[in-house]
Amino acid sequence: MPINILMPALSPTMEKGNLSKWLKREGEKVKPGDVIAEIETDKATMEVEAVDEGTLAKIVVAEGTADVPVNQVIAVLAGEGEDVKAAAAGAGKAAVPAAAPKAQTAAATPAPQASKPAPAPSAPPTGGSAPKPAAGDGDPFPLRTFASPLAKRLAKEAGIDLGRVQGSGPHNRIIARDIEAAKSGKGLRAPGAPAAAGGAAIAPSMSDQQIRALYEDGSYEVVPHDGMRRTIAQRLTASTQTVPHFYLTMDCNIGRLLAAREEINATAPKDKDGKPAYKLSVNDFVIKALALALQRIPDANVSWTESGMLKHKHSDVGVAVAMPGGLITPIVRHAESKSLSAISNEMKDLAARGRARKLKPQEYQGGATSVSNLGMYGIKDFTAVINPPQSTILAVGAGEERAVVKNGKIEIAHVMSVTLSCDHRAVDGALGAELIGAFKALIENPVMMVV
């Protein structure tokens, strides 16, 4: 029987992907493990491997197609001995999926090279001449309920209004278990009650057409959003709407750190070509200090869920890395137990692969906290938005010489300002103060990181 090859979910929150490239053509033989396509998500380009043997009878979704929903049929495989033409003729109607939706239809690994991005949707001509608004375009967008494809199907089959279901997934997204609970009357809002802030987008005050109308035709160019920019906008909006942020700032004297860094780098072993085994940055010390601070203040090493607090045993520290069109936050796992040199080399690798969109989802999802460092841009201090399900993020400014008072005298010191953003649901003010205080003690006395 023909086998449907479905668009795989390459991460728990993925709903759509771009089919960048087909690596197998119609009529070609396919065996398990063969790489058949490359799929671009908002963060990475992944290879899709076949899990069944047969002949690629029909490509249903052409390469370069953007925003293909998860579990949509993208190709049909004719099994051994089957009529390939007959399988192709019935493309999309095959009764046997390549795998259950949960397991997906194929294995996915990072592509060796980032493929060309899928074509962006057509934009109005340069100059900003906008198309005529469709009916209702002048009104604020209606609220939208976020739900997984499976949850939507289950809700439809059960006759449940998604607008009344309280989501328990990331950012209050409705998932399958919420629909099962709703069948027994649990987790349902009263008819007409507003959805939770994380479960629906707040209607903007102005539509696209209304905003464009404020500017003269020809004075701007419309650059369509890509998947990464849309995802960043969605997640950070959800974070600011659903996570009660508060901020704590401290100044850290990094004179000892800079001296230690210089000495360590100067004595780093070199290979036969004279290349040092490592070269520590200030950010490497920041990652290590924050990881150890979370171990000293374990009550702050947590993630909030509605049913209970997740207390993490290890310090998995994400680090914001700028990349074309956005940013990605790869995670240094178990950072508390790694040496500074190991953290340094790991971050260089993660950052390079992140910019090339070659990270695996497990390398940038989850984590206990994050670091966002804008010091290299000369930024003195700033506040960062928490990346759920994490409960904290540390914003790091530039180290600079400042006049400080010590023992009643004015001295020059190398000072770095840091600001800790906290999720008040999980980390109270005093607890957050203990955490940033522990960080300050470690960053100002780097020898404490190696004992």
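Calculation rules
Residues numbered from 1 in each chain as written. Predicted model: local features only at pLDDT ≥ 70, side-chain atom pairs only at ≥ 80, totals over all residues. Heavy atoms only, no water. Helix = DSSP H or I, 4+ residues; strand = E, 2+ residues; numbered from the N terminus. Buried < 20%, exposed > 50% of the residue type's maximum accessible area, 1.4 Å probe, protein only. Contact = heavy atoms within 4.5 Å. Areas by Shrake-Rupley, 256 points an atom, 1.4 Å probe, with all protein chains shown as cover. Pairing = 2+ DSSP bridges. Phe/Tyr/Trp six-rings, centres within 6.5 Å; stacked < 30°, edge-to-face > 60°. Core = buried A, V, L, I, M, F, W, Y, C linked by side-chain atoms within 4.5 Å. Salt bridge = Lys/Arg side-chain N within 4 Å of Asp/Glu carboxyl O. Axes fitted to C-alpha atoms, helices over the stretch in contact; angles between N-to-C directions. Left-handed = near helix turned anticlockwise from the far one by under 90°. Nonpolar A, V, L, I, M, F, W, Y, C, P; charged D, E, K, R; others polar.

1. Points about the overall build of the protein
Consideration 1: In terms of helices and strands, the protein carries nine helices and 20 strands.
Consideration 2: Looking at the protein as a whole, 41% of its 451 residues are labelled buried.
Consideration 3: Put simply, of all contacts in the protein between residues at least 6 apart along the chain, 66% involve residues at least 24 apart.
Consideration 4: Total accessible area on the protein is roughly 22900 Å²; 55% of this is exposed by carbon and sulfur atoms.

2. So, unusual backbone geometry
Consideration 1: Omega for the peptide link from Pro 388 to Pro 389 comes to 10°, which places this bond in the cis form.
Consideration 2: Structurally, Pro 389 can be placed in the loop between β18 (369–373) and β19 (392–406).
Consideration 3: If you check the backbone angles, His 334 has positive phi at about 50° while not being a glycine.
Consideration 4: Within the secondary structure, His 334 sits in the loop between β17 (331–332) and α8 (340–355).
Consideration 5: A residue is classified by how much of its surface remains accessible, and His 334, at 33% relative accessible area, is partly exposed.
Consideration 6: A positive phi angle, near 55°, is found at Asn 407, a position not held by glycine.
Consideration 7: Positionally, Asn 407 belongs in the loop between β19 and β20 (409–423).

3. Side note on the pairing of β20
Consideration 1: In this sheet, β20 lies alongside strand β11 (residues 245–253) in antiparallel orientation, the contact comprising nine bridges. Each bridged residue has a counterpart across the sheet, and for Tyr 247 the counterpart in β20 is Ser 421.
Consideration 2: Relative to β20, β19 is paired through 13 bridges, and the arrangement is antiparallel. When the sheet's bridge partners are listed, Leu 394 is paired in β20 with Leu 420.
Consideration 3: Linkage of β19 to β20, two consecutive antiparallel strands, is achieved through a turn of two residues, within which Asn 407 is found at a positive phi near 55°.

4. Re the packing of aromatic side chains
Consideration 1: Scanning all chains against the criterion turns up one aromatic pair.
Consideration 2: Plain terms: the ring middles of Tyr 215 and Tyr 220 are 6.4 Å apart, the flat faces sit at 75° to each other, and that makes the pair edge-to-face.
Consideration 3: On the accessibility criterion, Tyr 220 (18% relative accessible area) is buried.

5. What to know about the nonpolar core
Consideration 1: Ranked by size, the top nonpolar core spans 53 residues in total, and within it Val 286, Leu 394, Val 418, Phe 439 and Ile 443 carry the most contacts.
Consideration 2: Per element, the largest residue contribution to this core is nine residues, and it comes from helix α7 (residues 282–296).
Consideration 3: Core analysis: the second largest hydrophobic core is formed by 23 residues, Ile 3, Met 7, Ile 59 and Ala 75 among them.

6. So, the sheet that holds β17
Consideration 1: Pairing is mixed across the open sheet formed by six strands, whose spatial order is β11-β20-β19-β18-β14-β17. Edge positions in the open sheet fall to β11 and β17, since each of these has one partner strand only.

7. Focus on the pattern of salt bridges
Consideration 1: A complete count under the given rule lists 12 salt bridges for this structure.
Consideration 2: Notably, a salt bridge pairs Asp 349 with Arg 353, separated by 3.1 Å at the nearest N-O pair. Of the two residues, Asp 349 and Arg 353 both sit in helix α8, four residues apart, roughly one turn of that helix.
Consideration 3: The class of Asp 349 is partly exposed, set by a relative accessible area of 39%.
Consideration 4: Between Glu 400 and Arg 402 there is a salt bridge whose closest N-O contact spans 2.8 Å.

8. Describing the pairing of β18
Consideration 1: Burial within β18 is extensive, with five of its five residues counted as buried.
Consideration 2: Here β18 shows two buried faces, one formed by Thr 369, Val 371 and Asn 373 and the other by Ser 370 and Ser 372.
Consideration 3: Direction of pairing for strand β14 (residues 317–319) relative to β18: parallel, over a ladder of three bridges. Counted as the bridge partner of Val 319 is Val 371 from β18.
Consideration 4: As paired elements, β18 and β19 share four bridges and run parallel to each other. For Ser 370, the partnering residue across the bridge sits in β19 and is Ile 393.

9. Some words on the packing of α7 against α8
Consideration 1: It is the contact of α7 with α8, at a shortest axis distance of 9 Å, that shows an interaxial angle of 115°. Between α7 and α8 lies a crossing of right-handed hand. The segment α7 lies against α8, with Asp 284, Phe 285, Ile 287 and Lys 288 engaging Leu 340, Ile 343, Ser 344 and Met 347.
Consideration 2: Grouping the amino acids of the contact of α7 with α8 by side-chain chemistry returns five nonpolar, one polar and two charged.

10. Brief notes about the environment of Gly 375
Consideration 1: Tracing the chain through its elements places Gly 375 in the loop between β18 and β19.
Consideration 2: Each C-alpha atom, one on Gly 375 and one on Gly 397, is 4.3 Å from the other, the two residues being 22 residues apart in sequence.
Consideration 3: In this structure, Gly 375 is in contact with Val 396, Gly 397 and Ala 398, ignoring residues within four places of it in sequence.

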